[in-house]
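Examination of the molecular architecture
Chain by chain, the residues:
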Amino acid sequence: MIFPTVAIMLAAIGTFLLLPHRHGALRPGKLHLIGAALAAVGLVGLLSAYLSFSGPFLSGLFLMVFSLFAVFGGVLTVTSRSPIDSALWFASVILSTTGLFLLAGAPFLAAGTVIVYAGAIIVTFLFVIMLAQMEGKAAYDRAARSPGTSTFTCFLLFWCLVYSLLSFRADYTDQGKKALLPPRDYTAFYVVQPDFPTFRVFSAANRSTSQFVDAEGNRKPHVAGLGETLFTDYLITVELVGALLFIALVGAVAITDPKLPIRPAGPTAPSGLAA
Amino acid sequence: MPAEPEILALNALMNYLLVGGALFVLGMLGFLARRNMIVMFLSAEMMLQGTALTLVGFGRYHGNWTGQVFTIVILTVAACEASIALALIVVLYNRRTSLDITLWREIREPELECPVKDEVLEREEAEEIEPIPGPESYPQLTPAGIEPAHPGQAWTERRS
């Protein structure tokens, strides 16, 4: 566990150096370079040590490239001073994530994510141009809210996640394997006791419509299989989600009512800081 | 007898969990540490992306569509969240003429003590900073003439 701890600590220190100062103080460019180098060393070390791939060489290569692009895009989204840069790096995060979706065998989701988030990012651009850019570089973009504590908390959480992942990975004994059995195997295991509650839950969650393969063991076509399970097993979910979209539309229209009284007495941005 | 899970499938799942966890943690960092509301919104979206990655990885590991269906639900909830969040950002911007989230700190419970020291006090306590040329300093241009008279109300202040 020493190597991942050191790698995560390096990444945390590097990210802290890349974040804005808490009072918006200027940092020399050298510190930025050191921070970027530390974060890069930590994250590349962690990912290259613990991403494992088998099968064709190209899919392993793409897995590595997409993972690195996603994580670096994430770091740069969080640490960029300009919201336009943040939005652009967030686009790279989205594209890498859709690449990972493709590698995991979810092409419909990859296409859907690109379509949905392309619109979302363009809207974010419009908002940045409308709201942020007319004041020029804002002071609140160059100052962070308690960056040290936030970095410590978040990377502590990351260390806990990596620790639990790796401590499971090291355990190839029978007990360790049993901990992550696919539920369809539990269904086969409990079939002798049809009244057992675990069996009823697992068999309800593992109907034939929700599996990748049909009864003969052939793989279903992707979108057809997804649509089959979406409109049989998850019909109520689909209806609820549709209702939720409609409610969100009504809510968004309601809270941006232009006739509301605007600008009551209260603190506004200090004028010296906006420039 | 339950079949043994393949070690290779387990390793593929680990890849997705690792990257998904990293994206989630980075999004959380951005949400906690940044002050620009638009960047906070992007960070929240990044946390959703990390969760979606883990769900797709688990769905592939278990051999069913559940993870992908969950991710579709996450996509629609993210769309709802985006519409509401951007509408809120417009309303909050109209009230304070700024995207700074720290201007809204008085809406917390009044009897609760502030866990972080007040930033105005902090700013006053902090020593003067000499600008150093670097990535965070911006060029200063000299004004090239007399500033013309502005027509009445600026368009940002017009409300009708």
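Next up on the list: empty space enclosed by the protein. Residue and element names in this part refer to chain B. Scanning the entire structure with this criterion turns up three cavities of 30 Å³ or more. In this model, the largest cavity occupies a volume close to 50 Å³. If you tally residues by element for the lining of the largest cavity, the top one is helix H1 (residues 7-33), at three residues.

Taken N-terminus to C-terminus, the directions of helix H10 (residues 222-232) of chain A and helix H3 (residues 66-96) of chain B make an angle of 75°; their axes are 10 Å apart at the nearest point. Taken together, the axes of H10 of chain A and H3 of chain B lie roughly perpendicular to each other. Between H10 of chain A and H3 of chain B, the contacting residues are His 222, Leu 226, Thr 229 and Leu 230 of chain A on the first element and Gln 68, Val 69 and Ile 72 of chain B on the second.

Okay, the packing of aromatic side chains next. As enumerated under the stated definition, the model contains five aromatic pairs over all chains in all. Seen in terms of ring centroids, Phe 90 of chain A and Tyr 117 of chain A are 6.1 Å apart; in terms of plane orientation they differ by 65°. Their pairing is edge-to-face. Of the two residues, Phe 90 of chain A is situated in helix H4 (residues 83-103) and Tyr 117 of chain A in helix H5 (residues 107-132); the sequence distance between them amounts to 27 residues. There is no split in this pair, since Phe 90 of chain A and Tyr 117 of chain A are both buried. An angle of 80° between the planes, with centres 6.5 Å apart, marks the rings of Phe 155 of chain A and Phe 158 of chain A as edge-to-face. In this pair, Phe 155 of chain A and Phe 158 of chain A are both assigned in helix H6 (residues 147-169), three residues apart and thus about one turn of the helix distant. Phe 155 of chain A gets classed as buried once you look at its relative accessible area, which sits at 7%. Assessed through its relative accessible area of 5%, Phe 158 of chain A is described here as buried. Over the ring of Trp 104 of chain B we find Arg 96 of chain B; its NZ or CZ atom is 4.1 Å from the centre of that ring.

What follows deals with the nonpolar core. The nonpolar side chains of a soluble globular protein tend to be buried, and buried together. If you look at the biggest cluster of nonpolar residues, it comprises 84 residues, and the most contacted ones within it are Phe 101, Phe 155 and Phe 158 of chain A together with Leu 99 of chain B. Top contributing element to this core by residue count: H1 of chain B, with 14 residues. When sequence neighbours within four positions are dropped, the list of residues in contact with Phe 158 of chain A reads Ile 8 and Leu 46 of chain A together with Leu 18, Gly 21, Ala 22 and Val 25 of chain B.

Definitions and cut-offs
Residues numbered from 1 in each chain as written. Chains lettered and ligands numbered in written order. Predicted model: local features only at pLDDT ≥ 70, side-chain atom pairs only at ≥ 80, totals over all residues. Heavy atoms only, no water. 1 Å grid on protein atoms, 1.4 Å probe; cavity = no way out; pocket = protein on both sides within 12 Å on 5 of 7 lines; lining within 4 Å. Points joined across faces, edges and corners; volume = space filled by probe spheres on them. Helix = DSSP H or I, 4+ residues; strand = E, 2+ residues; numbered from the N terminus. Axes fitted to C-alpha atoms, helices over the stretch in contact; angles between N-to-C directions. Parallel < 35°, antiparallel > 145°, perpendicular 65-115°, else oblique. Contact = heavy atoms within 4.5 Å. Phe/Tyr/Trp six-rings, centres within 6.5 Å; stacked < 30°, edge-to-face > 60°. Buried < 20%, exposed > 50% of the residue type's maximum accessible area, 1.4 Å probe, protein only. Lys NZ or Arg CZ within 6 Å of the ring centre and 35° of its normal. Core = buried A, V, L, I, M, F, W, Y, C linked by side-chain atoms within 4.5 Å.

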